[in-house]
Amino acid sequence: MAEPRESHRWKWLLCAPALTILVLAASGPLLIVLVYSFLTPGNMGGVIWQFSTEGWFRVFFRRDIFDPDDITLNSAHLAVFWRSIWLSLQTTVLCAILGFPTAWFIATRPANTRTIWLFLITIPFWTNLLIRTFAIQELIRNSGTINTVLLWAGVIDAPIQMLFTEFAILIGMAYVFLPLMVLPLYAAMDKLDFRLVEAGYDLYASRLQVLRHVILPLVKPGFIAGSILVFIPSIGAYVTPRVLGGGRTLMLGNLIDLQFGQGRNWPLGAALAITLLVIVVAALMFYLRTLNRDEGGRHG
Amino acid sequence: MKRTLATSLAALVAGASMAAADEVVNFYNWGNVTPPELIEKFEAETGIRVTVTDYDSNDTALARIRQGGHGFDLVVPSNNYVETWIQEGLVQPLDRDIVTNIGNIDPQWLNVDFDPGREYSTPYFWGTTGLIVNTSVYDGDPHTASIILDPPEELRGRINVVPEMSDIMTMAIRYNGGEQCESDMEILRAARDTLMSAREHWLAMDYGNIDAYVNNDISAGVYWNGGAMRARLQNDDLVYGYPQEGFSVWMDNVMVLADAQNSEGAMKFVNFLLEPENAAMISNFSRYASGVMGYEEYLEEEMRTAPEIVVPSDLVGAGSFSIACPQEVNDIYSQIWTELMQ
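Reading the values: the criteria
The residue numbering used here restarts from 1 in each chain and proceeds along that chain's sequence as written. The order in which chains are written sets their letters, starting at A; the order in which ligands are written sets their numbers, starting at 1. Only residues with pLDDT of at least 70 get local features here, since the model is predicted, and only at 80 or more are side-chain atom pairs given and counted; chain-wide, interface and lining totals rely on the full set of residues. UniProt positions are given in the numbering used here, feature names are shortened, and annotations may be inferred rather than shown by experiment. We count a stretch as a helix when DSSP gives it H or I for four or more residues in a row; a strand needs E for two or more, and each element gets its number in order from the N terminus. The globule rule used for comparison is 2.2 Å times the number of residues to the exponent 0.38, while the radius of gyration itself is calculated over C-alpha atoms. Contacts here follow a simple rule: the backbone-placed C-beta atoms of the two residues must lie within 7 Å. For the exposure call, what matters is how many other C-beta atoms sit within 10 Å of a residue's own: 20 or more marks it buried, 12 or fewer exposed, and in between partly exposed, using C-beta atoms placed from the backbone. Segmentation into domains, and thus their bounds, comes from an automatic or database assignment. To estimate how far a helix should extend, the number of its residues minus one is multiplied by 1.5 Å. In this description, the arc belongs to the directions extending from the helix axis to the C-beta atoms. When DSSP finds two or more bridges between a pair of strands, those strands are recorded as paired. We call Asp, Glu, Lys and Arg charged. Ala, Val, Leu, Ile, Met, Phe, Trp, Tyr, Cys and Pro are nonpolar, and the rest, Gly among them, are polar. What makes a nonpolar core is a set of buried Ala, Val, Leu, Ile, Met, Phe, Trp, Tyr and Cys residues, with links drawn between C-beta atoms within 7 Å.

The name recorded for chain B in an unreviewed UniProt entry is Putrescine-binding periplasmic protein, from Rhabdonatronobacter sediminivivens. The record in UniProt for chain B states the following under Sequence similarities (unreviewed entry): "Belongs to the bacterial solute-binding protein PotD/PotF family." You can read under Subcellular location (unreviewed entry) in the UniProt record for chain B the words "Periplasm".

Within an unreviewed UniProt entry, the label attached to chain A reads ABC transporter permease, and the organism entered is Rhabdonatronobacter sediminivivens. Per UniProt, chain A has the following entry under Subcellular location (unreviewed entry): "Cell membrane".

Structure, rendered in structure tokens:
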């Protein structure tokens, strides 16, 4: 009886270094951020060690500089929150729509060529994210490829303003995060038993019915993993909205960055960072809960 | 096993001594204003290798250096930030035994308010903050801040404003009849309101790259004269405007960081930059004027007569040297700025 306990202890001891690093590296910085959010902003950035809830107050409310008693809801911040969530949702849906056929295509290739297709999916990762984002800028700018072709073909009379808009950010994020949807979808489809699809056809199901009632439920775990992998980095995206949004169309990541630089309000930045964390956790919990309820309904 | 350890140790020691021989200076400078030939020349003359890292705003540079562990030796803050750098102990006094070219500084830039007697800094270049307008989109008078603050119909939604607080705040305050570092609350409120309503017409608040103006992705903006000239050389439609309501003159200054890893090499580089020929190299590349005497001799012809460098005589009076504002004024500026940036 003593032996298993002994080996159990050993397991824990062996895990200890990794666990210590994980706990310290995850909770330490987070704790600092939390503490900073309750301090007073210093001159030209930094913090003064003086307790204040002003940072948190400013996340949601706006106090007029010239009439301190004039307090309104901070619609500018709320707009940024909403834009971040909405754009991330759109990105996730767009990635799912584009990713599904792609993953299906790869999964239905002969086994020996699938690796090549998967390999192709990873090609964008060979180039730095920033470079790829600037390349998109080149495509959608007023004098860029798309506008030039459309003007030449006579489809439009004046260039369409795409750069520095929400549309630009959406395109950029969908492009960047697409592989994160394709890969888990492929993993799910790879395990798919195609005999079930055949069985569906044998039972006179139409193609749409097979898709809806056989394939989609079976690859659902892939969709879930993919959606989480796309949604979470999207909501905190920084580079894409920075380069394609032009500094006026902010997302949460940019709003936080602003407070540590030009805005010179570290406590507000820290409070916003924690708000982002809360939004992500809330979104995840909501997602998982609806999912569980879904599953429960089916079996019960 | 023992032998491999010994060999690898030997290799390590050899590597370390090689690294010592390979002297490096790490230059942290504004983006796209360091001519590659300048670096090559310094390396050829001294054998010291120079790495260049870019930043795009005074705030970025200040934040990064404050955090420590940056590994840089030199930085180039604007005049209104120089005192902050000195007061916070982030920079060290120049070593006059190495920086012997200090006498080359143009007398008008020698005894400056932000660093009397040039104890800590030397001029990198100086310029003006003005406007850039694409005349194919709007051909009205470019010499007014209303281009940005109350934009004509043609320019609405096509404007970029550089996110530099002091430049933009000062422009809006002057537009409302105030002065630099204005503390009159009514004028500040008016400036805030002007900015908030003008913002609706701005496309971006970015360090508008020269390309974007050349390609007419942006048709007007707040810009610095050197950048405007580089853009104009690639696109004739672009003109540089000096706001008649008042515009700022500024200077960027080379300083050696207090925690520099190679102070001596950095001082040598500072001295090198004060040679007229080298100063002219910077000017010819960046299109900003230098604070070094005698650099004109090496200047390209188009620089001497450029409208971006030579201020029109009727607008000279509108220019004034930018100053650092007192803390309480800065606080209000910051609050307005944060509101504007959101």
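Visitor: Explanation requested: the overall build of chain A in the structure shown.
Guide: In terms of helices and strands, chain A carries twelve helices and four strands. Whereas a compact globule of 300 residues would reach a radius of gyration of roughly 19 Å, chain A reaches 24 Å, over 25% beyond that. Each of the three principal axes of chain A carries a C-alpha extent, and together these read 85 × 75 × 40 Å. Considering only contacts within chain A whose residues lie at least 6 apart along the sequence, 66% involve residues at least 24 apart.

Visitor: I would appreciate a short explanation of the overall build of chain B in the present structure.
Guide: Scanning chain B for helices and strands turns up 13 helices and eleven strands. The C-alpha radius of gyration of chain B comes to 22 Å, within 12% of the 20 Å expected for a compact globule of 342 residues. Based on the C-alpha atoms only, the size of chain B along its principal axes is roughly 75 × 45 × 40 Å. Across the 342 residues in chain B, those meeting the buried criterion constitute 48%. For chain B, contacts bridging at least 24 residues in sequence account for 73% of all contacts bridging at least 6.

Visitor: Explanation requested: the domain arrangement of chain B in the structure shown.
Guide: Put simply, an interface is often sized by how much accessible area is lost when its parts join up. Residues and elements named next belong to chain B. Domain boundaries in chain B define domain 1 (19-124 + 251-304) and domain 2 (127-249 + 307-341). Between the C-alpha centres of domain 1 and domain 2 the distance comes to 26 Å. Across the boundary between the two partners, domain 1 contributes eleven residues, which contact 14 residues of domain 2. The greatest single-element share of the side of domain 1 that touches domain 2, amounting to three residues, is contributed by helix α4 (residues 79-87).

Visitor: Just to check I follow, could you spell out helix α7 (residues 185-198) of chain B for this structure?
Guide: What sets the pattern is the α-helix's 3.6 residues per turn: residues three or four places apart point alike. All names here are of chain B. Here α7 contains 14 residues, and its C-alpha end-to-end distance of 20 Å stays within 8% of the 20 Å for a straight helix at 1.5 Å per residue. When we look at burial in α7, the residues that qualify are Leu 188, Ala 191, Arg 192, Thr 194, Leu 195 and Ala 198. Within α7, the buried residues cover an arc of 160 degrees as seen down the axis, which keeps them to one side. Residues of α7 that are exposed and angled more than 90 degrees away from the buried face: Met 185, Glu 186 and Ser 197. Of the surrounding elements, those touching the buried residues of α7 are α5 (146-149), α6 (165-175), β7 (202-204) and α13 (327-341).

Visitor: Looking at this structure, I do not really get the pairing of strand β10 (residues 247-257) of chain B. What am I missing?
Guide: In regular strands, side chains alternate between the two faces of the sheet. Residues and elements named next belong to chain B. Buried residues dominate β10, accounting for ten of its eleven residues. Sheet analysis places strand β3 (residues 74-75) next to β10, joined by two bridges and oriented antiparallel. Opposite Val 75, over in β10, you have Met 255 as the bridge partner. In this structure, strand β4 (residues 91-92) lies alongside β10, joined through two bridges in antiparallel fashion. Among the inter-strand pairings, Gln 92 is bridged to a residue of β10, identified as Val 256. Pairing between strand β5 (residues 121-134) and β10: eight bridges, direction antiparallel. Considered in β10, the bridge of Pro 123 is made with Asn 253. Across three bridges, the pairing between β10 and strand β11 (residues 319-321) is parallel. Bridging across to β11, Val 249 finds its partner in Phe 321.

Visitor: Explain the UniProt feature "transmembrane region" (unreviewed entry) in chain A to me, please; I cannot follow it from the model alone.
Guide: All names here are of chain A. In this structure's numbering, the residues bearing the UniProt feature "transmembrane region" (unreviewed entry) are residues 12-39, 85-107, 116-135, 167-189, 210-232 and 268-288. Summarising residues 116-135: 65% helix, 0% strand, and an end-to-end C-alpha distance of 25 Å. Secondary structure across residues 167-189 comprises 100% helix and 0% strand; the distance between its end C-alpha atoms is 31 Å.

Visitor: What should I look at first to understand the interface of chain B and chain A in this one?
Guide: Of the residues lining the interface, 27 residues belong to chain B; the matching set on chain A comes to 22 residues. Elements represented by at least two residues in the side of chain B that touches chain A include exactly α3 (58-66), α7, β7 and α13 of chain B. If one sorts the elements of the side of chain B that touches chain A by residue count, α13 of chain B sits on top with eight residues. Split by residue class, the side of chain B that touches chain A holds 13 nonpolar, nine polar and five charged.

Visitor: Would you take a moment to explain the environment of Val 278 of chain A for this structure?
Guide: The residue Val 278 of chain A is located in helix α12 (residues 266-299) in this model. Sequence separation between Val 278 of chain A and Ile 121 of chain A is 157 residues; the distance between their C-alpha atoms is 32 Å.

Visitor: Please clarify how the nonpolar core should be interpreted in this entry.
Guide: One recurring pattern in soluble globular proteins: nonpolar side chains tend to sit buried together. Core analysis: the largest hydrophobic core is formed by 95 residues, its most contacted members being Phe 177 and Leu 185 of chain A together with Ile 132, Ile 148, Met 169 and Ala 172 of chain B. With 16 residues, helix α7 (residues 166-190) of chain A is the single largest residue contributor to this core. Excluding its chain neighbours within four sequence positions, the residues that come into contact with Ile 132 of chain B are Tyr 213, Ala 220, Gly 221, Tyr 223, Ala 228, Ala 231, Leu 238 and Tyr 240 of chain B.

Visitor: What should I look at first to understand the environment of Leu 252 of chain A in this one?
Guide: Topologically, Leu 252 of chain A is positioned in helix α11 (residues 252-260). Every residue in contact with Leu 252 of chain A, bar those within four places of it in the chain, is listed here: Val 80, Phe 81, Ser 84, Ile 235, Gly 236, Leu 272 and Leu 276 of chain A.

Visitor: How should the UniProt feature "domain: ABC transmembrane type-1" (unreviewed entry) in chain A be read in this particular structure?
Guide: As recorded in UniProt, the sites labelled "domain: ABC transmembrane type-1" (unreviewed entry) are residues 81-289 of chain A. For residues 81-289 of chain A, the helix share is 78%, the strand share is 0%, and the end-to-end C-alpha distance is 22 Å.

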